[in-house]
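# Inside the fold
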Number of protein chains: 2
Amino acid sequence: MHLHKRDPKTEIVDAATTVLDNYGIADLTMRRLARELGVTPGALYWHFDHKQQLLGAVADRVLGPAYADAVGIDWRQRIAGMCSQLRDALLSHTDGAELVSGSFAAGQSRGMEHILALLAREAAEAGLAAGHAELAARTIVHYVLGATGDEQSRIQWDAAGALQTPGVTPTSGGHSPIDRLADQGGGFDFGLQLLLDGIAAPRLLPAMR
Amino acid sequence: MHLHKRDPKTEIVDAATTVLDNYGIADLTMRRLARELGVTPGALYWHFDHKQQLLGAVADRVLGPAYADAVGIDWRQRIAGMCSQLRDALLSHTDGAELVSGSFAAGQSRGMEHILALLAREAAEAGLAAGHAELAARTIVHYVLGATGDEQSRIQWDAAGALQTPGVTPTSGGHSPIDRLADQGGGFDFGLQLLLDGIAAPRLLPAMR
DNA sequence: ACCTGAACACCGTTCAAGT
DNA sequence: ACCTGAACACCGTTCAAGT
């Protein structure tokens, strides 16, 4: 049997994204994906060199909505907007943060490289020298991926628990409403403001900026 | 055959650490480890419930040298010292950052939880309210794990390249001496100072601290 | 150009049975 | 208490051969 859409690569990434959303990254295997496509595992290797490359393509698909040019009066607002878009994109797919973190670390996400460059541009706008602006951008990216990964794993853990014991409301468990507030953007924003304050801080020697 | 040291668990973690250092995390499998110990794979499941638990024990072994109480006049120096110790510990083992990141994310590293608590204490010392101090500590941990992971993968990639083409010196490749300087602690320190500046920043409303 | 069939060399985990 | 034997249900990747 053949893949039949205009672009076979697109069809594969479509199916992979569906498997990801429905079953999570642990079940996104080459064999499982091939089965879902009605094809032999080896067929996938005509279109992608290895699994990491395919996962990178899925990661870039996930990142699609995060590329929108952030509008904002100043660099602070623009960075905050970009990070918020990125977080939303990651939270929109099961294990999205883990997938993108892994692909970025493996050097397989052109999307994250692009976002990194945009953030570095804004950091330069804030007055940092080129080298330091890139380091600041990496720091921001590490933060967003890490914090969103934490948040997502808690969300998914809670959701799994809610399915197993439907009689127990989420707030009656170990997590208080205050915990939830801190997780639903509040905690994320706090950490991000810390970073932005650091970038804006005038205490670094002028030679170091 | 039986494991024979005083504590079988310790012997397993010893062997696992050796496999990690010599072959990396990808080769640290239950079967490989059992072979190295002259034992059947199933034997490991008498001592550990699952692989993640064993990896968590290895992660805590790696973190051993990072527990030393950081001395320092002020919270800034103490946090910087703790982060430096943590980075050193991670860089001391092949794929150390990846191992600890994964174990921490999976909730299997008591060591990282401890370090997190120490950092939160210092952030409180800096004047942050308890909830915010914990968020700040998490931000720092995400940064150290992410930045050190990047650094380590580049180091290991360069080392692998140096072994393959011994005639080419590291500095004659794509990375300039400036890149190396930025990686060998300089880049790490810059990102960390950014975070510390953010924690010290007086611009947050008093109600928010 | 694109896919199948079949193999290679592995995985984590479980569990009755042995000592 | 601790381990073996053997199985179960999988993996990623390669490649000659087919269409």
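So, about the interface of chain A and chain B. Counting residues at the interface gives 25 residues for chain A and 25 residues for chain B. Surface buried jointly by chain A and chain B totals about 2300 Å² across both partners, of which 70% is contributed by carbon and sulfur atoms. Three residues stand out in chain A for area buried against chain B, namely H142, F190 and L194 of chain A, and they jointly supply 29% of the buried area on that side. Summed over the shared surface of chain A and chain B, the result is 4 residue pairs in polar contact (both at pLDDT 80 or more). Counting only elements with at least two residues in the side of chain A that touches chain B, the list comes to α8 (130-164) and α9 (177-200) of chain A. Broken down by element, the side of chain A that touches chain B gets its largest block of residues, 11 residues, from α8 of chain A. For the side of chain A that touches chain B, a count of residues per class yields 12 nonpolar, 7 polar and 6 charged.

What follows concerns the relation of the copies chain A and chain B. Laying chain A over chain B is done by rotating through 180° and shifting 0.0 Å along the axis; what remains is an RMSD of 0.0 Å. One copy is carried onto the other by what is essentially a two-fold rotation axis. Measuring from the rotation axis to each C-alpha of chain A, the shortest distance belongs to G198 of chain A, at 2.0 Å. Mapped onto chain B, 100% of the interface residues of chain A are again interface residues, and the two copies thus contact each other with one and the same surface.

Moving on to unusual backbone geometry. For D95 of chain A, which is not a glycine, the phi torsion comes out positive at approximately 60°. Relative to the helices and strands, D95 of chain A is located in the loop between α5 (75-91) and α6 (96-105).

Scanning all chains against the criterion turns up 2 aromatic pairs over all chains. With a centroid separation of 5.7 Å and an interplanar angle of 25°, the aromatic rings of Y143 of chain A and F188 of chain A are classed as stacked. With a gap of 45 residues between them, Y143 of chain A in helix α8 and F188 of chain A in helix α9 connect regions that are remote in the sequence. In this pair, the class of Y143 of chain A matches that of F188 of chain A, namely buried. R32 of chain B extends its terminal NZ or CZ atom over the ring of Y23 of chain B, reaching a point 4.2 Å from the ring centre. Just above the ring of F188 of chain B sits the side chain of R87 of chain B; from NZ or CZ to the centre is 5.2 Å.

Here the focus is the packing of α5 of chain A against helix α7 (residues 110-125) of chain A. Residues and elements named next belong to chain A. Running from N to C, α5 and α7 point in directions that differ by 160°, and their axes come no closer than 9 Å. Considering the angle they form, α5 stands roughly antiparallel to α7. Classified by chirality, the crossing of α7 by α5 is left-handed. In this structure, α5 uses W75, R78, I79, M82 and L86 to contact α7, whose residues at the interface are M112, I115, L118, L119, E122, A123 and E125. Classifying every residue of the contact of α5 with α7 by side-chain character gives 9 nonpolar, no polar and 3 charged.

Once that is clear, we can look at the pattern of salt bridges. Pairing between side chains of opposite charge can happen when their charged atoms approach one another. Residue and element names in this part refer to chain A. A full pass over the atoms with the stated rule returns 16 salt bridges over all chains. Ionic pairing is found between D14 and R61, a salt bridge with its closest N-O pair at 2.6 Å. Separated by 47 residues along the polypeptide, D14 in helix α1 (residues 8-23) and R61 in helix α4 (residues 51-63) bring together distant segments of the chain. A relative accessible area of 34% places R61 in the partly exposed class. D197 is paired through a salt bridge with R76; the nearest N and O atoms lie 2.8 Å apart. Separated by 121 residues along the polypeptide, D197 in helix α9 and R76 in helix α5 bring together distant segments of the chain. Per residue, the accessibility class of D197 equals that of R76, and both read buried. A single salt-bridge network, built from bridges that share partners, covers R87, D88 and E151.

Let us look at the side chain of T17 of chain A. All names here are of chain A. Tracing the backbone through its elements, the reader meets T17 in helix α1. When its relative accessible area of 8% is taken as the criterion, T17 is described as buried. A polar atom in the side chain of T17 sits 2.7 Å from the backbone oxygen of V13. Leaving out residues up to four positions away in the same chain, T17 has contacts with V58, R61 and H93.

All names here are of chain B. It is the contact of helix α4 (residues 51-63) with helix α6 (residues 96-105), at a shortest axis distance of 9 Å, that shows an interaxial angle of 125°. By the angle class used here, α4 and α6 are oblique. You can see that α4 and α6 cross each other, and the crossing is left-handed. Across from Q52, L55, G56, V58, A59, V62 and L63 in α4, the residues of α6 making contact are L99, V100 and S103.

What follows deals with the environment of L135 of chain B. As for its position among the elements, L135 of chain B is in helix α8 (residues 130-164). The class of L135 of chain B is partly exposed, set by a relative accessible area of 23%. With 19 residues separating them in the primary sequence, L135 of chain B and L116 of chain B have C-alpha atoms 9.8 Å apart. Here L135 of chain B is in contact with G187 and F190 of chain A, once residues within four sequence places are set aside.

This brings us to the confidence of the model for chain A. As a general rule, the predicted coordinates of low-pLDDT regions are not to be interpreted in detail. Model confidence for chain A is summarised by a mean pLDDT of 89, while 84% of its residues fall at 70 or above. In this model, residues 170-178 of chain A is a region of pLDDT below 50 whose contacts with residues beyond four sequence positions or in other chains number 6 contacts.

Criteria and cut-off values
- Residues numbered from 1 in each chain as written.
- Chains lettered and ligands numbered in written order.
- Predicted model: local features only at pLDDT ≥ 70, side-chain atom pairs only at ≥ 80, totals over all residues.
- Heavy atoms only, no water.
- Contact = heavy atoms within 4.5 Å.
- Buried area = accessible area lost by both parts, 1.4 Å probe.
- Polar contact = N/O pair within 3.5 Å; in protein donor to acceptor, adjacent residues only side chain to side chain.
- Helix = DSSP H or I, 4+ residues; strand = E, 2+ residues; numbered from the N terminus.
- Nonpolar A, V, L, I, M, F, W, Y, C, P; charged D, E, K, R; others polar.
- Least-squares fit on C-alpha atoms with pLDDT ≥ 70 in both.
- Phe/Tyr/Trp six-rings, centres within 6.5 Å; stacked < 30°, edge-to-face > 60°.
- Buried < 20%, exposed > 50% of the residue type's maximum accessible area, 1.4 Å probe, protein only.
- Lys NZ or Arg CZ within 6 Å of the ring centre and 35° of its normal.
- Axes fitted to C-alpha atoms, helices over the stretch in contact; angles between N-to-C directions.
- Parallel < 35°, antiparallel > 145°, perpendicular 65-115°, else oblique.
- Left-handed = near helix turned anticlockwise from the far one by under 90°.
- Salt bridge = Lys/Arg side-chain N within 4 Å of Asp/Glu carboxyl O.
- pLDDT = per-residue confidence, 0-100.

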